[in-house]
Amino acid sequence: MNILLVGQPNVGKSVVFTRLTGVHVISSNYPGTTVEFTEGFMPLGAERARIVDVPGIYSLGAPTSTAEEVATRMIAEGDLVINVVDATNLERNLRLTLQLMPRRKPMVIALNLSDEARHNGIDIDCRRLEELLGVPVVPTVAITGEGIKDLVGRLAEATAPEPPQRDEDALWTEVGHIVKAVQTVRHRHHTFLEWLGDCTVKTTTGLSVAAVVLAASFFAVRFVGEGITAGIMEPMFERLWKPVMMKLSAAIGSGGVLHGLLIGKLLDGQIDYVQSFGLLTTGLFVPLAVVLPYLIAFYLWLGLLEDFGYLPRLAVLLDRLFHKVGLHGWAVVPNLLGMGCNVPGILATRVLESRRERFIAATLVSIAVPCAALQAMIWALVGNPARGGGGLYVLLVYGALGLSWLFIGRVLNKMLTGKSPELLMEIPPYRWPLWRGVAKKLWMRLRGFTREGVPLVFLGVLFVNLLYMTPCFHYVGAVTAPVTTRLLGLPDEAISALMVGILRKDMAMGMLGAMHLTIKQLVVASTVLAMFFPCVATFVVMFRELGLRDTAKSTTIMVVAALAAGGILNVLL
Amino acid sequence: MKIRLLDLKDSGLATVVEIGGGHGIRNRLLSLGIREGVAIMVISAARGHGPVVLGLGQNRVAIGHGMAAKIMVEAPAP
């Protein structure tokens, strides 16, 4: 049996899904968190039912985004629909419910967020609603699990009543009748969160709040990330792991192939975690001690902002900036997610309505939005005073990326035919994040990194070491020398790092770190590396989302832009 | 008094009386609950070409400047 969770965006379908199946999916307090469909299973009687978390849709009319297209197509394949309805927003949600009825799928309604509705002074007579709609209605609070058992228990009662033919006007009249019959709203005073919600979206007060929030984000991520690296990871690697590795090194005997692969080069008879480049030294240190702490800090903060409900407000405030590059404010979501990892960033472009927008957004994310792993390494190398670097140099890299983002976006907006649609979105109320939810989401995102990222880093180190044993890098280095040395002012061998960047950019930065570059060269190289070519995971996802032609176009833009930006930086610095 | 939504001041209350523009825009506004006869409040008005944030009861919806320009409202006389 195929059970679909259908409802408007941001009503909590993903939370209900997690409750039913035990499969955790990312949920946040903004519309359009789910852009792909997720499936899970739960026992239902003697059967195993397949539950599908369908992306949110506002109506069953003409789809306005890829996510809506996906959803509309999926509804046809369901055997049973759980229509998740936001109790705080009954009128708008019931329109979708009534639109679903002519599809004649057995249906049950989960009246979700019913605690928040009560709190807001909204009383809904569930029994009466059930009579009027002709399908079971179960009040739920998915986030705490309240009502979920009832919901499962009543799935057997799902019915598909035959609705009368209605046009748009009749639909609204019917919705109006139902709402009037079942809902009573008590007057109440504004809460602090509501007041804050309006304050932070107004241009007058909101922009200064946004500046503070963004600055605070920056410092919080740096502070927490550096804290974990310097306070926990580095001592562990230095005091516990290094003695073990030194013993291993002595046992294998330096100089051999195996030593080169596992431990790498010794500097003055010592292991250097950045420069040794062995599987068990640099291959572990970079992902675990440098990148992971930064990811923890970034995703913890992002999760808090997401669950509180700040992102939609940021979207409104940044709308005009995004219009300059042919997007609207909601494109802030793919860009922000891209700062964690470009893959979910590019997937999130599905919330955008037109193909033109999705192309611009995906191209900008993969060119000018550095992922957290890359950022961590940029801070570790370019921001390192021991290499003559510092915060200002890091800012230089970010500045170059930011300017490229704006410039490329403007050019694309001018060159591509068509116009981009305008912003239209609901702004959810602020909600206090639940620690359990935030922690769970952080855990899921980190698991993605340890499962897919870390093995790739290992593969990268192995690959690099093997290639260094062949004359391959030497060969390519000689061929590309005119570009690397004359245009970018980098040594020949830098091309090997750019090539490894295709696999993992953090590893490529690690290679640059082992090359004794000047700080100027590091700035140029990290900017080029960030823009040059998306890593293989990003590339696959781009190909899937944009198709061959647009991915090729996008990649060409990347290579040209990276070389141009690198060349300019090389001349200016 | 029938005026453009864009001419409403911050915190101004009004009732939507007319939504111009094509079928597409009407439909999209409709799916977010913005339709003729609905009472709205301007939470944040557009400056330049920025978006407008509307309050529909306790709910908040942001719409682009161009869409806002197509909405006419009935506002109480000042």
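Before reading on, note that the structure itself is shown above.
Residues numbered from 1 in each chain as written. Chains lettered and ligands numbered in written order. Predicted model: local features only at pLDDT ≥ 70, side-chain atom pairs only at ≥ 80, totals over all residues. Heavy atoms only, no water.

Trainee: Please explain the overall build of chain B as it appears in this structure.
Mentor: Along its length, chain B carries two helices and six strands. The C-alpha atoms of chain B give a radius of gyration of 11 Å, which matches the 12 Å a tight globule of 78 residues would have. Seen through its principal axes, chain B has C-alpha atoms that stretch 35 × 25 × 25 Å. Looking at chain B residue by residue over its 78 residues, the buried ones come to 51%. Of all intrachain contacts in chain B linking residues separated by at least 6 positions in sequence, the fraction that spans at least 24 positions is 58%. (Helix = DSSP H or I, 4+ residues; strand = E, 2+ residues; numbered from the N terminus. Rg over C-alpha atoms; globule rule 2.2 N^0.38 Å. Buried < 20%, exposed > 50% of the residue type's maximum accessible area, 1.4 Å probe, protein only. Contact = heavy atoms within 4.5 Å.)

Trainee: Mind showing me how you'd approach the pattern of salt bridges here?
Mentor: Opposite charge on two side chains permits them to pair, given that their charged atoms come into close proximity. All names here are of chain A. Evaluated as defined, the whole model comprises 24 salt bridges over all chains. Of the charged contacts, one joins D550 and K553 as a salt bridge, the two residues approaching to 3.5 Å between their closest N and O atoms. Of the two residues, D550 and K553 are both situated in helix α24 (residues 536-572); the distance of three residues between them amounts to about one turn of the helix. We classify K553 as partly exposed; its relative accessible area is 37%. (Salt bridge = Lys/Arg side-chain N within 4 Å of Asp/Glu carboxyl O.)

Trainee: Hey, could you run me through the interface of chain A and chain B in this one?
Mentor: Often, the extent of an interface is quoted as the loss of accessible area upon association of its parts. Between chain A and chain B, the contact holds 31 residues from the first and 27 residues from the second. Roughly 2,500 Å² of surface becomes buried between chain A and chain B when both sides are summed, with 53% attributable to carbon and sulfur atoms. Area buried by chain A at its contact with chain B is led by W172, E422 and L424 of chain A, which between them contribute 25% of it. Taken together, the connections running from chain A to chain B amount to three salt bridges. Linking chain A with chain B are 11 residue pairs in polar contact (both at pLDDT 80 or more). The set of elements that each furnish at least two residues to the side of chain A that touches chain B consists of α3 (90-100), α7 (168-182), α9 (203-252), α13 (319-324) and β11 (424-427) of chain A. The dominant element in the side of chain A that touches chain B, judged by the number of residues it contributes, is β11 of chain A, at four residues. Partitioning the side of chain A that touches chain B into residue classes produces 10 nonpolar, nine polar and 12 charged. Relative to strand β5 (residues 59-63) of chain B, β11 of chain A is paired through four bridges, and the arrangement is antiparallel. Each bridged residue has a counterpart across the sheet, and for I427 of chain A the counterpart in β5 of chain B is R60 of chain B. (Buried area = accessible area lost by both parts, 1.4 Å probe. Polar contact = N/O pair within 3.5 Å; in protein donor to acceptor, adjacent residues only side chain to side chain. Nonpolar A, V, L, I, M, F, W, Y, C, P; charged D, E, K, R; others polar. Pairing = 2+ DSSP bridges.)

Trainee: Explain the pairing of strand β2 (residues 38-44) of chain A here, please?
Mentor: Moving residue by residue along a regular strand, the side chains alternate between the two faces of the sheet. All names here are of chain A. Relative to strand β3 (residues 47-53), β2 is paired through seven bridges, and the arrangement is antiparallel. Paired with T38 across the strands is D53, a residue of β3. Between the end of β2 and the start of β3, which pair antiparallel, lie two residues, with G45 showing a positive phi angle near 65 degrees.

Trainee: In this structure, what is going on with the sheet that holds strand β5 (residues 107-112) of chain A? I would like to understand it.
Mentor: Through backbone hydrogen bonds, the strands of a sheet pair up, either in parallel or in antiparallel fashion. Residues and elements named next belong to chain A. Here six strands make up an open sheet; going across it, the order is β2-β3-β1-β4-β5-β7 and the pairing mixed. At either margin of the open sheet sits one strand with a lone partner, and together these are β2 and β7 (137-139). The mean inter-strand angle of the sheet, taken between neighbouring strand axes irrespective of direction, is 25 degrees. Inspection of the sheet shows strand β4 (residues 80-86) paired to β5 by six bridges, in the parallel sense. Looking at β5, one finds that N83 is bridged to I109. (Axes fitted to C-alpha atoms, helices over the stretch in contact; angles between N-to-C directions.)

Trainee: I'm lost on the pairing of β4 of chain A in this one. Help?
Mentor: Residue and element names in this part refer to chain A. Among the seven residues that make up β4, seven are buried, leaving the element largely enclosed by the rest of the structure. Neither face of β4 is left uncovered, since the one carrying L80, I82, V84 and D86 and the one carrying V81, N83 and V85 both have all their residues buried. Relative to β4, strand β1 (residues 2-7) runs parallel, the two sharing five bridges. Bridging across to β4, V6 finds its partner in N83. As a crossover connection, the stretch from β4 through α3 into β5 is right-handed. (Right-handed = clockwise from strand over helix to strand, strands pointing away.)

Trainee: Honestly, the environment of T184 of chain A in this entry has me stumped. Any pointers?
Mentor: All names here are of chain A. Position of T184 among the secondary structure elements: in strand β8 (residues 183-185). Expressed as a C-alpha distance, the spacing of T184 and I124, which sit 60 residues apart in the sequence, is 6.7 Å. Each residue touching T184, except ones within four places of it in the same chain, is listed here: G121, I122 and D123.

Trainee: Help me understand the nonpolar core in this model?
Mentor: In summary, soluble globular proteins display a tendency toward joint burial of nonpolar side chains. Residues and elements named next belong to chain A. Formed by 126 residues in total, the largest nonpolar core has its most connected members in L327, V382, M509 and L512. Ranked by residue count, the leading element in this core is helix α11 (residues 282-308), at 15 residues. In terms of domain composition, this core takes at least three residues from each of domain 2 (190-317) and domain 3 (322-422 + 453-573). Beyond its immediate stretch of four places on either side in the chain, M509 contacts L374, M377, I378, L381, V382, S526 and L529. One finds L60, V85, L100 and I122 within the second-largest nonpolar core, a separate group that totals 37 residues. (Core = buried A, V, L, I, M, F, W, Y, C linked by side-chain atoms within 4.5 Å. Domains from an automatic or database assignment.)

Trainee: It is not clear to me how the sheet that holds strand β1 (residues 2-4) of chain B should be interpreted in this structure. Could you clarify?
Mentor: Taken together, the seven strands give an open sheet; going across it, the order is β11(A)-β5(B)-β4(B)-β3(B)-β2(B)-β6(B)-β1(B), and neighbouring strands pair in antiparallel fashion. Of all strands in the sheet, those bounded by a partner on one side alone are β11 of chain A together with β1 of chain B. For this sheet the average axis-to-axis angle between neighbouring strands, irrespective of direction, equals 40 degrees. Bridging between strand β2 (residues 13-19) of chain B and strand β6 (residues 71-74) of chain B involves four bridges; their strand directions are antiparallel. Paired with I19 of chain B across the bridge in β6 of chain B is I71 of chain B.

Trainee: What am I meant to see in the environment of A497 of chain A here?
Mentor: All names here are of chain A. Summarising the element assignment, A497 is placed in helix α21 (residues 494-500). Measuring from C-alpha to C-alpha, the distance between A497 and G513 comes to 9.7 Å, with 16 residues separating the pair along the chain. With near-sequence residues (within four places) excluded, A497 lies in contact with A508, M511, L512, M515 and L529.

Trainee: Explain the packing of aromatic side chains here, please?
Mentor: Residues and elements named next belong to chain A. One pass over the structure, following the stated rule, counts 12 aromatic pairs over all chains. When the centroid spacing of 5.3 Å and the interplanar angle of 85 degrees are considered together, the rings of F237 and F285 count as edge-to-face. Here F237, found in helix α9, pairs with F285, found in helix α11; they are 48 residues apart in sequence, far enough to count as distant. In this structure, F237 and F285 share a single accessibility class: buried. Between F308 and Y430, the aromatic rings sit 4.2 Å apart at their centres with planes inclined by 10 degrees, giving stacked as the arrangement. Within this pair, whereas F308 is found in helix α11, its partner Y430 is found in the loop between β11 and α19 (435-469), the two being separated by 122 residues in sequence. (Phe/Tyr/Trp six-rings, centres within 6.5 Å; stacked < 30°, edge-to-face > 60°.)

Trainee: Honestly, α9 of chain A in this entry has me stumped. Any pointers?
Mentor: For an α-helix the count is 3.6 residues per turn, leaving residues at separations of three or four pointing the same way. At W241 of chain A, α9 of chain A is deflected by roughly 45 degrees, the largest bend along its length, and proline P243 of chain A occurs up to four residues later in sequence. At the exit of α9 of chain A stands G253 of chain A, carrying a positive phi of roughly 85 degrees. (Bend = angle between axes of the 7 residues up to and from the residue.)

Trainee: How do you make sense of the side chain of D550 of chain A when you look at a structure like this?
Mentor: Residues and elements named next belong to chain A. Owing to a relative accessible area of 11%, D550 belongs among the buried residues under this scheme. Polar side-chain contacts of D550 include one of 3.0 Å to the side chain of R355. Not counting residues up to four positions away in its chain, the partners in contact with D550 are R355 and F359.

Worth remembering: the numbers are spatial, not functional.
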